[in-house]
Amino acid sequence: MTTFTYTPLKTTYDISDKYIWRVYFQVAATVDSSSAEYYGSVNLDRPETLIPYENVSKENLVDWIKNKLGTSEVAAIEGTLDNSVRGLATSTTKAQGLPY
């Protein structure tokens, strides 16, 4: 089974009120010891009520990323990663790693 992990990497925000308007993120897919990654960013719409910057959690950011991407884009990203990581996990001719 493929596991997907969404990780916010950084945000861009307005200095005046700390409204987060862009989130850079990574989606990692893993099967056994094989992995594949997707990197992207989303521009967020300004909400009517801001959560104070210091109270924004990783879960908030992941929810905002997924909501902004929408269900079909989330499914497309995860589907592409799933195909990629499963291909590596079942391959007898390909492996991942670093030479050092």
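Please refer to the structure higher up on the page.
Worth saying up front: this structure is predicted, and the values here are computed from it rather than measured. Throughout this document, residue positions are counted from 1 along each chain, in the order its sequence is written. Residue-level local features of this predicted model are given only where pLDDT is at least 70; pairs of side-chain atoms are given and counted only at 80 or more, and the full residue set underlies all totals for whole chains, interfaces and linings. Calculation of side-chain values draws on the structure's entire complement of heavy atoms; hydrogens and water are dropped beforehand.

**Thoughts on the overall build of the protein chain**
Point 1. Put simply, DSSP H or I for four residues or longer makes a helix, DSSP E for two residues or longer makes a strand, and each gets a number counted from the N terminus. For the protein chain, the count of helices and strands is 2 helices and 3 strands.
Point 2. Taken from N to C terminus, the helices and strands of the protein chain fall in the order β-β-β-α-α.
Point 3. Each radius of gyration is computed over the set of C-alpha atoms, and the globule rule expresses the reference value as 2.2 Å times the number of residues to the power 0.38. The globule rule puts the C-alpha radius of gyration for 100 residues at 13 Å, and the 16 Å found for the protein chain is more than 25% above it.
Point 4. The principal-axis extent of the C-alpha atoms belonging to the protein chain is close to 55 × 35 × 15 Å.

**Overview of the side chain of Gln 26**
Point 1. Among the secondary structure elements, Gln 26 is positioned in strand 2 (residues 20-31).
Point 2. The buried label applies to any residue whose accessible area, calculated with a 1.4 Å probe on protein chains only, is under 20% of its type's maximum; exposed applies above 50%, and partly exposed to all values in between. For Gln 26, a relative accessible area of 16% translates into the label buried.
Point 3. At 3.0 Å, the side chain of Gln 26 and the side chain of Tyr 39 are in polar contact.
Point 4. Here Gln 26 is in contact with Thr 5, Tyr 6, Thr 7, Leu 9, Glu 37, Tyr 38 and Tyr 39, once residues within four sequence places are set aside. Throughout this description, a polar contact denotes any pair of N or O atoms lying within 3.5 Å of each other; where both atoms belong to protein, one of them has to be capable of donating a hydrogen while the other can accept it, and for residues adjacent in sequence the pair is counted only when both atoms sit in side chains. Every residue pair with non-hydrogen atoms within 4.5 Å of one another is taken to be in contact.

**Brief notes about the packing of aromatic side chains**
Point 1. Only rings of Phe, Tyr and Trp enter the pairing, Trp through its six-membered ring, and a pair is recorded when the two centres are within 6.5 Å. The plane angle decides the type: under 30 degrees is stacked, over 60 is edge-to-face, the rest tilted. Applying the stated rule across the entire model yields 2 aromatic pairs.
Point 2. Their ring planes at 45° and their centres at 4.5 Å tell us that Tyr 13 and Tyr 53 sit as a pair that is tilted. Here Tyr 13 is found in strand 1 (residues 3-13), whereas its partner Tyr 53 is found in the loop between strand 3 (34-43) and helix 1 (58-69), with 40 residues between them in sequence.
Point 3. Tyr 13 sits in the partly exposed class, given a relative accessible area of 33%.

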